[in-house]
Every structure is written in C-alpha cells, then in structure tokens.
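Reading the structure
Residues per chain are reported as follows:
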Amino acid sequence: MSTATTMRFGIEEALQQLGIEDTNKGTSTGTDWFAGGDAIDSISPVDGEKIASVTTTTKDDYEKVITTATEAFKKWRTLPAPQRGEIVRQFNEELRRLKEPLGKLVSYEMGKSYQEGLGEVQEMIDICDFAVGLSRQLHGLTMHSERPGHRMYEQYHPLGVVGIISAFNFPVAVWSWNTALAWVCGDVCIWKPSEKTPLTGIACQKIAARVFAENGLPEGISCLINGDYRVGEYMTTDSRIPLISATGSTRMGKIVAKTVGERLGKTLLELGGNNAIIVTPDADIKMTVIGAVFGAVGTCGQRCTSTRRLIVHEDIYDKVKDAVTDAYKQIKIGNPLDENNHVGPLIDTDAVKMYQDALKSVKEQGGNVIVEGGVLEGEGYESGCYVKPAIAEAKNDMQIVQHETFAPILYLLKYSGDVGNAIEIQNGVKQGLSSAIMTNNLREAEQFLSHGGSDCGIANVNIGTSGAEIGGAFGGEKDTGGGRESGSDAWKIYMRRQTNTINYTTELPLAQGIKFDL
Ligand code: UN1
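Conventions we followed
Residues numbered from 1 in each chain as written. Predicted model: local features only at pLDDT ≥ 70, side-chain atom pairs only at ≥ 80, totals over all residues. Heavy atoms only, no water. Core = buried A, V, L, I, M, F, W, Y, C linked by side-chain atoms within 4.5 Å. Buried < 20%, exposed > 50% of the residue type's maximum accessible area, 1.4 Å probe, protein only. Domains from an automatic or database assignment. Contact = heavy atoms within 4.5 Å. Pairing = 2+ DSSP bridges. Helix = DSSP H or I, 4+ residues; strand = E, 2+ residues; numbered from the N terminus. Axes fitted to C-alpha atoms, helices over the stretch in contact; angles between N-to-C directions. 1 Å grid on protein atoms, 1.4 Å probe; cavity = no way out; pocket = protein on both sides within 12 Å on 5 of 7 lines; lining within 4 Å. Points joined across faces, edges and corners; volume = space filled by probe spheres on them. Nonpolar A, V, L, I, M, F, W, Y, C, P; charged D, E, K, R; others polar. Phe/Tyr/Trp six-rings, centres within 6.5 Å; stacked < 30°, edge-to-face > 60°. Lys NZ or Arg CZ within 6 Å of the ring centre and 35° of its normal.

By size, the foremost hydrophobic cluster in this structure holds 157 residues, and its most contacted members are Trp183, Ile190, Leu310 and Tyr328. Split by domain, the residues of this core number at least three in each of domain 1 (3-271 + 481-497) and domain 2 (275-469). Once residues lying within four places of it in the same chain are set aside, the contact partners of isoleucine 190 are Val65, Ile66, Ala69, Val161, Val162, Gly163, Ile164, Cys223, Ile225, Met235 and Ile241.

Pairing is mixed across the open sheet formed by seven strands, whose spatial order is 12-13-14-11-10-16-17. In the strand order of this sheet, the two ends are held by strand 12 (368-371) and strand 17 (458-461), each with one partner. Pairs of neighbouring strands in the sheet enclose a mean axial angle of 25°, with direction left out of account. Against the sheet, helix 10 (residues 285-297) contacts strand 10 (275-279), strand 11 (307-313), strand 14 (409-415) and strand 16 (434-438), and its axis sits at roughly 155° relative to strand 11. Of the strands in this sheet, strand 12, strand 13 (390-393) and strand 14 are in contact with helix 12 (residues 349-364), which crosses strand 14 at around 30°.

Under the counting rule described, the total for this entry stands at one cavity of 30 Å³ or more. As a volume, the largest cavity reaches approximately 170 Å³. Taken together, 15 residues make up the lining of the largest cavity; nearest its centre are Glu123, Phe170, Trp177, Thr305 and Phe474. When its residues are assigned to classes, the lining of the largest cavity shows seven nonpolar, four polar and four charged. When residues of the lining of the largest cavity are sorted by domain, at least three fall in each of domain 1 (3-271 + 481-497) and domain 2 (275-469).

Moving on to the packing of aromatic side chains. Inspection of every chain in the model, using the stated rule, returns 11 aromatic pairs. Pairing tryptophan 76 with phenylalanine 212 gives two aromatic rings, centres 5.6 Å apart and planes at 90°, and the pair type is edge-to-face. Here phenylalanine 212 lies in helix 7 (residues 198-214) and tryptophan 76 lies in helix 2 (residues 59-76), a separation of 136 residues in the sequence. Neither residue differs from the other here; tryptophan 76 and phenylalanine 212 are each classed as buried. A network of ring pairs unites the aromatic residues Trp76, Phe91, Trp175, Trp183, Trp191 and Phe212 as a single cluster. Positioned above the aromatic ring of tyrosine 153, the side-chain terminus of arginine 151 is 4.9 Å from the ring centre.

Now the structure itself:
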C-alpha cells in the first residue's frame, strides 16, 4: 500500500479496522482461491494516490464462484426466513460498529464528502433493519376458489443466484439494497462492484463473509467478482442467474436488458436520471435554494438523483437565480474527508473531461453560463479531479440538457403560465427517475402528483430530487429502466411466485365449469 504524503484523515486506521491489509489480493468469497486475472488499481480521486491493486476475476474463477454460490443456495434456502433475517441483523450490527471506517473508505475511494459517506453506510443499516422485519412478512395472498372444496393461495419462493452490478457513485448502499432483501428472500448473491471502487467492495465482502462463517454458513451466500464489463458479461449471459440487478448508465442498461432478455432472465434496472425541480411563484425560496444546491452539487453531481434542471416561473426567475448564484459562492470544494468542505472531487479525470466537454457544449448550443466552472489546480487539488460546480441558463430542448452529464452542472430553465407548462418541460426528457416541486400551493402540488403530472418514479413536494429514504421503492420509468429497488414491495422481484390450488374433496370439478366425464 502506498504511503500518502497528503492529509488522509486517518484512512490507514480505517482500512485496518475494516481488515484490509493485503490489498493486492482480490478475494472472491472471502478466501484466496482465485487464480486471478489482471490487476485493477484503485486510485483515490481525493489525492490521486493508489490505494490498492485488486485482482480481476477470470472465467475459470467465475465458474468456481457460480458453483460455490449455487451450492450455498441449496443450504441457505432451507433456513426459515426469520432465521435468515437474524443473519442480516448480525451483519447490520457489524455495519453499525464499522460505520465510521467504512464511511471514510467510501469517501476516500469514491470522493464524496465524509458526511455523505456516513450517510451511505446509514442507508445500508436502514435497509438491513427493513429486511429483518421483512423476513417475517414475505407473504402472498389467499384467494377464494371458484370450485367447491378447493383452496387457492400463493407463496413466494427464493429465486436462486442473484447477480448485482453496481456503480461507483453509491459503491456500497446499492449493493446492500439488493443483497439485504435477496438474502432474507433466500437468495444468494454475486456482486460485481464498479471497477472504479473495488476496495469498498472487498470491505463489504469481508464483513459479510465473517458473519456467515461465524454462523457456520457457506461462504457462497455472498460472492464478489471484480473487473470491467467483460466480467459483468459472465453473469448477464449465464442462465444459472435468474435475476440481474444493474445500476449504471442507460447505455449499459440497454445492453444488460438485451443480453438477459435473450435468455428470458429477469432484470432490475436502475439507470440514468435527468431530474428537475419545478419552482413555482408559491415556493419557499429558502427551502428551494437548500434543496437545489444540495441536489446539484452533493456527491459532486454524481447521484442518479442529482438535480440537473431547475424549472423556474418567470415571475420569480431573477430572484431564484440570484439566490442560487449567491449560495454557490459559499460552496467549499476540497478534500472530502475534511468536513469543512461541501464538495469533493469527481471520480476520475475521464469524468473531468466529460464535465469540460459538457460546459463547452452548453456554450456552443446557446446556453448562458452564469456560474463559471473550471478545473481546480494547486495545493490540495493535485489529483486533477476537483471541479467547480457550474450553472447555465438553458433551454430544455438543447441536446446537452437532454443528456445526463454526471457532474455538477445545473441548468436554469424558465417557464411561464400554469404549472402544467412546467410539468411538460419536466417530463420532456428521456429519463424518468426523480422530480420535485417547490410550492405551497395545494393545487399545483396535487397537479404535479396526479396521473397527468410528473412521469418519474419519484415525485417530491417541497423536497429536492436526491436523498430518498430506503422505505419507498426506488427507481424510475422510461430510460431509467423501470426497476424498483429498496423499500415497499420491491422484495417481490427477488422471489418467484407460485399459485397453489388444493382440492380437499373426492370430486374433480374443472375450472370454468368444463364438463369432462369418463
Ligand atoms: C443513486 O444515485 O444511484 O436518493 C442512488 C438518493 C440516495 C440514493 C441514490 N438515497 O439520492
């Protein structure tokens, strides 16, 4: 492991607490039986230091993993669901104990602020709590049969091996949304974290592996594979995996959907967003500013739920523009482990290039940049990944506005007349993840929430677009992929539904009244 010269805010201790010492070995299921392919380096965008080198998974290694997972499933599914919940409860105890070091590693490897790193681990804790309760509520319905002396009901059975492909921006929470539910449902999981954040994956894997081992359970209940899209393809093409849950770009999601669809597997897709906040003349401006700024610059604009468009009524446009522009002057950009800073770096220099290209396109396409962006240089910014959040006045039909740029660029759009016009702009993009309205006007709020209102999976009133709680179903429509993760009844996708009809008579009447006498 490298010795950093810059301030690392106790990252070495955090790694130690997480049991990550030999970071040169990519583990699979917690053991060392991987032959291992090429190494991928985990580079921190915070200071540009190499944190670890992680071995990628070869096809042979993958075969071992899927065999181990399939074997583990046979044992795991026999445990009553509440007992599986008890294991998730123990896993959660460990997360509570390790919240700070894991939050710190998330912050250091991914670049989000330490507060947001802690928030991400809190999301893991919350979903585990939810899953423990759920382990006693995996119930189906009982229906009245049309035939006398018959009983009809449905039950949910485990699916098998669930494949999880997650993105760099929420390197641990999204895995746990899937895994905590899948585990209580009786499934086992194979996880491919983003190749940009492999170390947080190893940290989580170690925690899970320890809990399973302590309970005498097979290691294959939780498996980790590492690498780029080629390793992901081992899973998407594998008919031994009935469900692939994938989070990432719409481009990636379309490939996953096609590949898994070809073999009639199931997918759960959580893809791009192009989220907007509508600000009506009845909005509370102070709340609007906080919601919009956190939504646009939080996680350096790299959340699926980040606020990308602010659709403001012409009557208050200048007021909102001035208030948001003023607020941007307060934003401190720097080492995300230093809690004085609001915004950390982008994930890597490729992301910086995309951000620069987007700003160039804004200008070329007729946008008016009112808060200039730019790449920061000098002391503390040596990684080359720190950028200034930017604001541009734009039009919704501009190509760049239609595109999800994973960076802190906020577009100000003006609307006039009725809130219906703002809703039309809000819906006028391909993506459909998160949306919000700022208003104290009941009619406007209800119109926004009605069937003719927002077409997104998430629609908030007087809250920004990001920062959803785990209790609701998370996901969205159109190019966002249609999947739902996390709360509500999202668990159902991790199970197969079976309808059972039982005849307790001595007759065999046929449904639909069909006569068939022999
Ligand atoms: C994501 O960006 O993929 O709602 C997940 C939020 C977080 C999760 C975001 N709870 O912003």
